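So the chains spell out like this:
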Amino acid sequence: MNKLIKILPLLITVTLSLFGCSFNSQPDKLTKAEKITKHKQEEERENKEKSERLSKYTREKYGFDVEFLYSTCNGCISNSKDQVQRTDIPEIKFEIKGSGIPNYKYEDDYQEYYKIYQFNQEYLQSDAYQKLKEIGFEQSKFLGEYYYDYSKEDKNGKSINVYARDADFYLFRPGGITKESELQFIYDAFPILQELKQELKKTGYKIDELIIADTKNAEPILKNELQNYNDETEIRIANIHKINTLEELKMARVVKDF
């Protein structure tokens, strides 16, 4: 009887083990931190695969690789819209559209954003850039946006898409513009802005807004990283082509009140 009592616990343990039961082990669960790490690793792997796939397309068409940034068409099945940047010139960001699965046919708007990049490179070497620095704007840059505007019919009655090319012109000075009297700095720059507007027009772009901000917040704009830019003190001015006097400038500003 004593032998049977000694053997029973062993038999129970073996039986439970065969059925996958254990009273000593804890459920195989990931901690919150481990889940976050795992999700991040999976996301990085997926982004790397997308970068390699999209780079194959840009390498064949333009001769450079790209890095995938994010998708602008989440949930799309047969189409894709991906925001990318050149790996050699991260400042140049553009969109690649894909249609048809599994073998996507791609198209992109790279040339449109390359125009603005080229314009900025020439502008940085221009007299206009130096004159604006003399007025007090230490740094400045154009950021372009190419986007669908509306549809219309051509002479054959076929619907065609019309795209807009707008550029925001960022001007940076220490402290930005904090007093109404400091609007004079902007007004003094207007003759130069008129010249730049005519030069920009040759690229197909037009100045949409003039944005004046603090120099300390300039870095994200200079790198074309709008997602990292935040300046609550900035002043935005629209329709600069309609402004002829300082009073009109005071009336034209948007966002900021003194």
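Here, every reference points to the structure presented above.
Residues numbered from 1 in each chain as written. Predicted model: local features only at pLDDT ≥ 70, side-chain atom pairs only at ≥ 80, totals over all residues. Heavy atoms only, no water.

### Details of the overall build of the protein
For the protein, the count of helices and strands is seven helices and nine strands. Counting the 258 residues in the protein, one finds 35% classified as buried. Long-range contacts, defined here as pairs at least 24 residues apart, represent 54% of the contacts in the protein between residues at least 6 apart. Of the roughly 17,000 Å² that the protein leaves accessible, carbon and sulfur atoms contribute 50%. (Helix = DSSP H or I, 4+ residues; strand = E, 2+ residues; numbered from the N terminus. Buried < 20%, exposed > 50% of the residue type's maximum accessible area, 1.4 Å probe, protein only. Contact = heavy atoms within 4.5 Å. Areas by Shrake-Rupley, 256 points an atom, 1.4 Å probe, with all protein chains shown as cover.)

### Quick notes on the sheet that holds strand 1 (residues 66–71)
Consider a sheet: its strands pair through backbone hydrogen bonds, and that pairing is either parallel or antiparallel. Read from one edge of the open sheet, four strands run 1-2-3-4, paired in antiparallel fashion. Edge strands, defined here as strands with exactly one partner in the open sheet, are strand 1 and strand 4 (105–108). Looking at each pair of strands side by side, their axes are set apart by 35° on average, direction ignored. The strands touched by helix 2 (residues 32–61) within the sheet are strand 1, strand 2 (79–86), strand 3 (93–99) and strand 4, with strand 1 carrying the most contacts at an inclination of about 125°. The sheet contacts of helix 3 (residues 110–123) involve strand 2, strand 3 and strand 4, and relative to strand 3 the element is tilted by about 175°. (Pairing = 2+ DSSP bridges. Axes fitted to C-alpha atoms, helices over the stretch in contact; angles between N-to-C directions.)

### Structural notes on the packing of helix 4 (residues 127–135) against helix 5 (residues 183–201)
Relative to each other, helix 4 and helix 5 sit at 175°, their axes nearing to 10 Å. Between helix 4 and helix 5, the interaxial angle falls into the category roughly antiparallel. Across the interface between the two elements, Ala 128, Lys 131, Leu 132 and Ile 135 from helix 4 touch Phe 185, Asp 188, Ala 189, Ile 192 and Leu 196 from helix 5. A per-class count over the contact of helix 4 with helix 5 returns seven nonpolar, no polar and two charged. (Parallel < 35°, antiparallel > 145°, perpendicular 65-115°, else oblique. Nonpolar A, V, L, I, M, F, W, Y, C, P; charged D, E, K, R; others polar.)

### A look at the pairing of strand 6 (residues 159–173)
Examined bridge by bridge, strand 5 (residues 139–153) and strand 6 share 14 bridges and lie antiparallel to one another. Looking across to strand 6, one finds that Lys 141 is bridged to Tyr 170. Joining the antiparallel neighbours strand 5 and strand 6 is a turn of five residues, in which Gly 157 adopts a positive phi near 80°. By the bridge criterion, eight bridges tie strand 6 to strand 7 (residues 206–214) in an arrangement that is parallel. The residue of strand 7 that forms the bridge with Tyr 170 is Ile 211.

### Focus on the pattern of salt bridges
Inspection of the entire model under this criterion finds 13 salt bridges. For Lys 206, the salt bridge goes to Asp 166, with nearest N and O atoms at 3.0 Å. Of the two residues, Lys 206 is situated in strand 7 and Asp 166 in strand 6; the sequence distance between them amounts to 40 residues. Here Lys 206 falls in the partly exposed class, since its relative accessible area comes to 47%. Note on Asp 166: relative accessible area 9%, which makes it buried. Residues joined in a network through salt bridges with shared partners are Glu 112, Lys 115 and Arg 165. (Salt bridge = Lys/Arg side-chain N within 4 Å of Asp/Glu carboxyl O.)

Fair warning: the whole summary comes from geometry, so function is off the table for now.
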